[in-house]
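Read off the chains here:
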Amino acid sequence: MKKDESQEKKKLTIFKFFLIPLIIIMLVQSLITIGTLVVRRTTKTLEAYSSGMMNRLVENRQVILQNDMNQRWPAVSEQEDFLSSRLQQFLDDEAIELKDLLQSEEYKDRFLELLFPECLNFLQNHSTTGIFLVLAGTDRVPAGEYAGFFLRDSEPNSTPMNNSDLLLERGSKQLSRTWNVPLDTNWTTRFHMEEARDLYFYEPWRTGEEYADADTKDLGYWSLPFSLDGDTPDSYQMITYSLPLRYEGRVYGVLGVEIACRNLHDYFPVSELNNSRQSGYLLAVKKPDGSYASLTGKGMLYDLIRSADRNFILLETGYDNLSLVEDVRLNGQGVFAVVCPLELYGRNAPYEDTQWVLLGLNTEKELFGMSRQLYFWMVIAVLIGLLFGVFGIYILVRHLTRPVQQLMQCIAAGSSGLEHFKSSGILEIDALYDVVRDLTASQKKSENILLEEKERYKVALESSTDIFYSYDLQNQVLDLVNHKTMSGQWQCPETSTCFINPDYIYEPDQKGVLESLHRDPDNPYAEFRIRWPEESEYNWVALSGKVIYDTDGRRWKMVGSIRNIQEQKEREALQLKKDTIDAITGLYV
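The residue numbers shown here count from 1 along each chain, following its written sequence. Thresholds applied to this predicted model are a pLDDT of at least 70 for local features of residues and 80 or more for the giving and counting of side-chain atom pairs; totals over whole chains, interfaces and linings are not thresholded and use all residues. The side-chain figures draw on all heavy atoms in the structure; neither hydrogens nor water molecules are used.

Chemist: I'm lost on the overall build of the protein chain in this one. Help?
Modeler: Across its full length, the protein chain holds 15 helices and 21 strands. For this analysis, residues touch if any pair of their heavy atoms sits within 4.5 Å. If you take every contact in the protein chain between residues at least 6 apart in sequence, the share linking residues at least 24 apart comes to 54%. Only carbon and sulfur atoms are counted for the fraction: they give 53% of the accessible area of the protein chain, which is about 34100 Å². Where helices and strands are cited, they refer to DSSP runs of H or I of at least four residues and of E of at least two residues respectively, numbered from the N terminus. Note that accessible areas follow from Shrake-Rupley with a 1.4 Å probe, and for residues the cover is restricted to the protein chains shown.

Okay, here's the thing in structure tokens:
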């Protein structure tokens, strides 16, 4: 009984039978989705996409800046032929040689006055912040005073008629008066040059002499940011592009343009890298040891790197064209950089610091924050979808199985329960209800008939002395009815004499009983003498029966009766005696 109860507890309800597999399916589906995101390295893909977006932004800025540094500003080299022709004309008019010009301050000033208008015109039409021309000496010495002029334009994108945006940084007062150009506060007539400091002048001069046959444009030199006043503190920083001016193989001067660092900042819109402006652009030069020296830039991260006051190193990462700035952090976050080289020099340029680069800077959070948030919300969306699916499945299964549960409860309550069942509107369940209702009505009718038959059977038993039996052929259980002392169920192994113990049968009758019972096993009949355990004498009985088969065609039960025929046998014996013995003589006939 306890075993049956435990088995009942282990059985699943129809609600659980539907709910559990569907929830498992939802879990597996969600795990497959999340597993795909993990296996396919979606996080890395999204981060690589963010890195690629930043790389394209920096590349766009690099292309614009490189185009101006290679084509727009170096256009000053086109003035060389004009200046050389003016030099030739001046030498012819004065009937002197180049050496005489370079040795005479008077000749230098007059020659500079001749070249100044052309340089002024170039400055006003090429959006540079300054132009300069410095005449060389007869010999290149480490330090000295040199004649020339340096003209600066504070508004390179506009050209006022009165030259109010121009300032003369270096040059004679005569140039200022003639062309109505104001003098700057730090103005001097001559350039004081030092070879270790003023590379924008000495480097083109040196290469112009060492590579006399080289094309002038190939000898153009980009200086690192510097101040015109040398060691004097000056917030005005600039870079210059300068080239040697040569006549008959000899350098007679250096011509160049200035680009103020603050004007370069217009090329660095840091807001396009991220909205919080925790970013930056940095113009740097790569050193032979692999480190980078910052030149100029814009943005919070540029200021952070520049504040270290030393060269910085870039470390490789797992992303293309993305590096990590070593030992530089902002609020605990690493600083990442996209490096785009600026091709300003040829392969064999005779200068140092030729590997200029433009760096875009961004913090880890600003660079990868959006992609990581996207991945996080993708996972959250899957989990929310899972919870919604589980909840929806629970509600749906509950709704679908409620009619089945109600039908089950009505069936368990019997006929009265079935009468209270309401139509579910589901075809299969209502059809099942109709079948159960019909079966219940049929069963009730059958029960009433059986009840009536039982009563009849009971009346018949009460008026009969016969013993009735039912023998279960499968389980070998005998059910006796109407016996004085042995009514009930008995475990009786099947024997040759059916279920009757041979010891109860009169020995001379045993062989005949055996033959009679085996003559027709399905309808056995035998007459023999038997002595029940509580009796002292043998009595004649007639055993009759019939085998009942189950629906599978197997022998199921044998039912029948054991009728006492003792009186019948005694009458038959008496009649036989009368028929064989003469009543008068007492002799056998």
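Structure shown, so let's carry the discussion forward.
Chemist: Quick question: what am I supposed to make of the sheet that holds strand 17 (residues 477–481) here?
Modeler: Either a parallel or an antiparallel arrangement is found when strands of a sheet pair, and the pairing is made through backbone hydrogen bonds. Pairing is antiparallel in the open sheet, where six strands are placed in the order 18-17-16-21-20-19. Of all strands in the sheet, those bounded by a partner on one side alone are strand 18 (488–491) and strand 19 (525–530). Within this sheet the neighbouring strands show an average axis-to-axis angle of 25 degrees, counted without direction. Two elements, strand 16 (residues 467–472) and strand 17, share five bridges in a ladder whose sense is antiparallel. For two strands to be treated as a pair, DSSP must find no fewer than two bridges joining them. Axis definition: a line fitted to C-alpha atoms, limited for helices to the stretch in contact. Angles are taken between N-to-C directions and run from 0 to 180 degrees.

Chemist: I'm lost on the pairing of strand 9 (residues 250–260) in this one. Help?
Modeler: Within a regular beta strand, the side chains point alternately toward one face of the sheet and then the other, so they alternate between its two faces. Of all 11 residues that make up strand 9, 10 are buried, and the element is covered over most of its length. Relative to strand 9, strand 1 (residues 130–135) is paired through six bridges, and the arrangement is antiparallel. Directly across from Gly 130, in strand 9, lies its bridge partner Glu 258. Bridging between strand 8 (residues 238–247) and strand 9 involves 10 bridges; their strand directions are antiparallel. By the bridge assignment for strand 9, Leu 243 is matched with Leu 255. Hairpin connection of strand 8 to strand 9: two residues between the antiparallel strands, including Glu 248 at a positive phi of 50 degrees. The rule is simple: take the accessible area with a 1.4 Å probe, protein chains only, and divide by the maximum for that residue type; under 20% is buried, over 50% is exposed, in between is partly exposed.

Chemist: Could you clarify how one ought to interpret empty space enclosed by the protein in this entry?
Modeler: Space inside and on the surface of the protein is sampled on a 1 Å grid over the protein atoms alone, with a cavity defined as a set of points where a 1.4 Å probe fits but cannot get out and a pocket as an open set with protein on both sides within 12 Å along at least 5 of 7 lines; lining residues have an atom within 4 Å of a point. Grid points are joined across faces, edges and corners, and a volume is the space filled by probe spheres set on the points. This model, assessed by the stated rule, comprises two cavities of 30 Å³ or more. There is about 50 Å³ of room inside the largest cavity. Of the residues in the lining of the largest cavity, the class split is two nonpolar, four polar and two charged. Lining the second largest cavity we find Ile 305, Ala 308, Arg 310, Asn 311, Phe 312 and Val 328. Looking at side-chain class alone, the lining of the second largest cavity contains four nonpolar, one polar and one charged residues. Residue polarity follows a fixed list, in which Ala, Val, Leu, Ile, Met, Phe, Trp, Tyr, Cys and Pro are nonpolar, Asp, Glu, Lys and Arg are charged, and the others, Gly among them, are polar.

Chemist: Just checking my understanding: could you explain helix 6 (residues 105–125) for this structure?
Modeler: Side chains three or four residues apart in an α-helix point the same way, a direct result of the helix having 3.6 residues per turn. Given the number of residues in a helix, its expected span is that number minus one, multiplied by 1.5 Å. Between the first and last C-alpha of helix 6 there are 30 Å, a value that for 21 residues agrees with the 30 Å anticipated at 1.5 Å per step. Remark: the principal bend of helix 6, roughly 35 degrees, maps to Leu 115, with a proline, Pro 117, within the next four residues. Distance and chemistry together define a polar contact, namely a pair of N or O atoms within 3.5 Å, with one atom able to donate a hydrogen and the other to accept it when in protein, and with adjacent residues in sequence counting only for side-chain atoms on both sides. N-cap assignment for helix 6: the residue whose side-chain oxygen lies 3.4 Å from the backbone N of Glu 106 is Ser 104. With its phi angle positive at about 55 degrees, Ser 127 sits one or two positions after the end of helix 6. The quantity called bend is, for any residue, the angle between two axes fitted respectively to the seven residues ending at it and the seven beginning at it.

Chemist: How do you make sense of the sheet that holds strand 8 when you look at a structure like this?
Modeler: The strand order across the open sheet formed by seven strands is 5-4-3-1-9-8-7, and the pairing between neighbours is mixed. Single-partner strands in this sheet number two, and they are strand 5 (183–188) and strand 7 (221–222). Lying on the sheet, helix 4 (residues 80–94) is in contact with strand 1, strand 8 and strand 9; it crosses strand 8 at an angle near 45 degrees.

The values are spatial; any link to function lies outside them.
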